[in-house]
Structures are given as structure tokens and as C-alpha cells.
Amino acid sequence: AQTVTQSQPEMSVQEAETVTLSCTYDTSESDYYLFWYKQPPSRQMILVIRQEAYKQQNATENRFSVNFQKAAKSFSLKISDSQLGDAAMYFCAYRSNSGGSNYKLTFGKGTLLTVNP
Amino acid sequence: KAGVTQTPRYLIKTRGQQVTLSCSPISGHRSVSWYQQTPGQGLQFLFEYFSETQRNKGNFPGRFSGRQFSNSRSEMNVSTLELGDSALYLCASSLAFRSEQYFGPGTRLTVT
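This text gives an overview of the structure that appears in the document. Values in this document were obtained by computation on a predicted structure and should not be read as measured data.

Quick word on the overall build of chain A
Part 1: Each helix and strand counted, chain A has zero helices and twelve strands in total.
Part 2: Counting from the amino terminus, helix and strand elements in chain A follow one another as β-β-β-β-β-β-β-β-β-β-β-β.
Part 3: The globule rule puts the C-alpha radius of gyration for 117 residues at 13 Å, and the 14 Å found for chain A is close to it.
Part 4: Counting only residues that meet the buried cut, chain A has 47% of its 117 residues in that class.
Part 5: Contacts spanning at least 24 positions in sequence make up 55% of the contacts within chain A whose residues lie at least 6 apart.
Part 6: Of the roughly 5,600 Å² that chain A leaves accessible, carbon and sulfur atoms contribute 45%.
Part 7: Side-chain charges in chain A split into 11 positive and 10 negative, and the spacing between the mean points of these groups amounts to 6 Å.

Listed below in C-alpha cells is the structure:
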């Protein structure tokens with residue numbers, strides 16, 4: 001079974017600074033997706049960024065980028081120029097992409113990010 | 001395009017009762033997944049439906065059930081409620097079962 005580990009329960013960053021959230025995962029599969037979801041106090045889960053395992057290039061979405069290290073099974077999220085609206089719980093998630101598999105999302109426990117003005 | 005909607009948003013029930021939660025996916029989406037979120041266990045997969053068929057089920061007791069209708073709307077039912085069923089129940093929809101999942105705002109269930 002796949003597992004996702006987020007070793008930082010809480011992180012804080014100053015507004016306009018950069019912060020990196022860590023995530024490691026365990027799988028025996030080679031075809032899968034990794035995601036970062038953001039859950040603000042409103043509780044709505046929002047997709048931040050996704051990475052396909054077969055793509056070597058790291059995904060980027062505006063101020064959000066990932067460092068995907070497939071061999072190390074590491075998938076960190078970098079938030080540049082942090083804004084107050086970035087404050088939320090961030091979840092790393094894994095999803096198999098192998099034919100016939102269960103396409104459920106497996107989540108880490110989350111990292112609570114605080115942005116200080 | 002409207003997002004995923006879930007009703008009701010908040011619910012308070014008593015132990016032993018049963019509850020039905022509803023999820024309307026994004027228009028055109030045919031797959032619906034349900035997740036339970038608790039402080040202790042985090043986010044756990046309940047089940048997934050595609051074209052009215054349950055494709056996968058998580059490790060939850062038989063008290064948890066669900067179904068999907070022909071218009072892709074989904075309901076989940078929890079019978080004989082226990083205190084431990086208190087949680088945020090999240091529904092996610094996707095175009096197909098291998099597509100990206102978009103989440104609704106959740107239903108906060110409190111069992112007293």
C-alpha cells in the first residue's frame with residue numbers, strides 16, 4: 001500500500017518570503033501522480049499543483065513550484081513571495097495511474113502553514 | 001461552471017441514528033469519490049463511483065454505504081451512527097476515474 005508522509009506538522013513564513021514544505025512517499029509503482037492540495041479555514045480543498053511521475057520537469061504554477069525527486073521518493077512544495085492568503089493546511093497526495101488500479105487519493109497528515117505579516 | 005456542491009453543510013445527529021449526505025458533481029463529471037476527514041485519522045478514502053457503479057471502497061465498516069444516480073449525483077449513508085463518525089465528509093468529482101479530482105466544501109457531521 002502506498003503511504004505519504006509529511007514530516008512538518010507546522011511551518012511559518014514571513015510575508016513575501018519563500019517557504020518549502022516537505023513530502024515523502026512510498027510506492028512500488030512507476031506510474032502515478034502527486035498533488036499538493038491547500039485547505040484554508042473555509043475547509044474547501046483546493047488543488048495547488050500536480051506532478052506526473054513520468055515527467056522529469058518539475059511542475060510550476062505561478063508562485064508555486066515542486067521539487068520532484070523520483071528516486072528519493074520526495075515531492076516538496078516551494079511557495080515564493082508568500083502572501084497572507086497562502087495560510088492554510090497543505091496536503092501532499094498520491095494517486096496511482098496504473099491500469100486497473102484504485103485511483104483514490106492517499107493523503108499525508110498535512111502541514112499547517114502560517115504566514116506572518 | 002458551478003463547482004461541487006454538498007448538502008447539508010452542517011449536521012448534528014444522535015448516536016444510533018442514520019444520516020444521508022448528498023453530493024452534486026461538476027457538470028459533465030461522471031466520477032464521484034468520498035473522503036472522511038478527522039483530526040486523528042486525517043483524510044481517508046471511503047468509496048468511488050463511476051457511471052452509477054461503485055468502483056472502489058475504502059476500509060470502512062458496512063454501516064457506510066453510497067450510491068450514484070444517473071445524473072452523477074451521489075449520496076452516502078451512514079447507519080447506526082457512532083461518536084467516532086463525527087467528521088468532515090468531503091466529496092470530490094472528476095471527469096473520469098483517472099482524472100483530477102475537484103472537492104466540494106464538505107459536510108460537517110457531529111454525532112452526540
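Here we look at the state of the cysteines
All names here are of chain A.
Part 1: Per the stated rule, a full pass over the model turns up two disulfides over all chains.
Part 2: The residue that forms a disulfide with Cys23 is Cys92, at a sulfur-sulfur distance of 2.0 Å. Handedness of the Cys23-Cys92 disulfide follows from its S-S torsion of about -70 degrees: it is left-handed. Of this pair, Cys23 sits in the loop between strand E3 (19-21) and strand E4 (24-26) while Cys92 sits in strand E10 (residues 88-96), and the two are 69 residues apart along the sequence. Each of the two residues, Cys23 as well as Cys92, counts as buried.

Structural notes on unusual backbone geometry
Part 1: A cis amide bond, omega -10 degrees, links Thr7 of chain B with the succeeding residue Pro8 of chain B.
Part 2: Looking at the secondary structure, you find Pro8 of chain B in the loop between strand E1 (5-7) and strand E2 (10-13).
Part 3: We note that Lys73 of chain A has phi near 55 degrees; this positive angle belongs to a residue other than glycine.
Part 4: On the secondary structure map, Lys73 of chain A appears in the loop between strand E8 (64-69) and strand E9 (74-79).
Part 5: A relative accessible area of 27% places Lys73 of chain A in the partly exposed class.
Part 6: The phi dihedral of Ser72 of chain B is positive, around 75 degrees, even though this residue is not glycine.
Part 7: Here Ser72 of chain B lies in the loop between strand E7 (64-68) and strand E8 (74-78).
Part 8: Judged by its relative accessible area of 11%, Ser72 of chain B is buried.

Regarding the pairing of strand E4 (residues 31-38) of chain B
Residue and element names in this part refer to chain B.
Part 1: Here E4 lies mainly inside the structure; eight of its eight residues are buried.
Part 2: Burial of E4 is two-sided: the residues Ser31, Ser33, Tyr35 and Gln37 facing one way and the residues Val32, Trp34, Gln36 and Thr38 facing the other way are all buried.
Part 3: Sheet topology note: the E4/strand E5 (residues 42-50) ladder contains eight bridges and is antiparallel. Its bridge partner being in E5, Gln36 is matched across the sheet by Gln44.
Part 4: Where E4 hands over to E5, the hairpin turn is made up of three residues, counted between the paired strands.
Part 5: With seven bridges joining them, E4 and strand E9 (residues 87-94) adopt antiparallel strand pairing. Following the sheet pairing, Tyr35 is matched in E9 by Leu90.

Describing the environment of Tyr37 of chain A
Part 1: Tracing the chain through its elements places Tyr37 of chain A in strand E5 (residues 32-39).
Part 2: Distance in space between the C-alpha atoms of Tyr37 of chain A and Arg50 of chain A is 8.9 Å, their sequence separation being 13 residues.
Part 3: If we ignore the near neighbours within four places in the chain, the residues touching Tyr37 of chain A are Met45, Ile46, Leu47, Val48, Met89, Tyr90, Phe91, Ala93, Leu105 and Phe107 of chain A together with Gln101 and Phe103 of chain B.

Some thoughts on the side chain of Ser96 of chain A
Residues and elements named next belong to chain A.
Part 1: Along the chain, Ser96 turns up in strand E10.
Part 2: Residue classification places Ser96 among the buried residues on the basis of a relative accessible area of 3%.
Part 3: Reaching out from Ser96, the side chain makes a polar contact with the side chain of Glu29 at a distance of 3.0 Å.

Reading the values: the criteria
Residues numbered from 1 in each chain as written. Chains lettered and ligands numbered in written order. Predicted model: local features only at pLDDT ≥ 70, side-chain atom pairs only at ≥ 80, totals over all residues. Heavy atoms only, no water. Helix = DSSP H or I, 4+ residues; strand = E, 2+ residues; numbered from the N terminus. Rg over C-alpha atoms; globule rule 2.2 N^0.38 Å. Buried < 20%, exposed > 50% of the residue type's maximum accessible area, 1.4 Å probe, protein only. Contact = heavy atoms within 4.5 Å. Areas by Shrake-Rupley, 256 points an atom, 1.4 Å probe, with all protein chains shown as cover. Lys, Arg positive; Asp, Glu negative; His and termini not counted. Charge placed at Lys NZ, Arg CZ, Asp CG, Glu CD. Disulfide = S-S within 2.5 Å. Pairing = 2+ DSSP bridges. Polar contact = N/O pair within 3.5 Å; in protein donor to acceptor, adjacent residues only side chain to side chain.

Read these as spatial facts, not as claims about activity.
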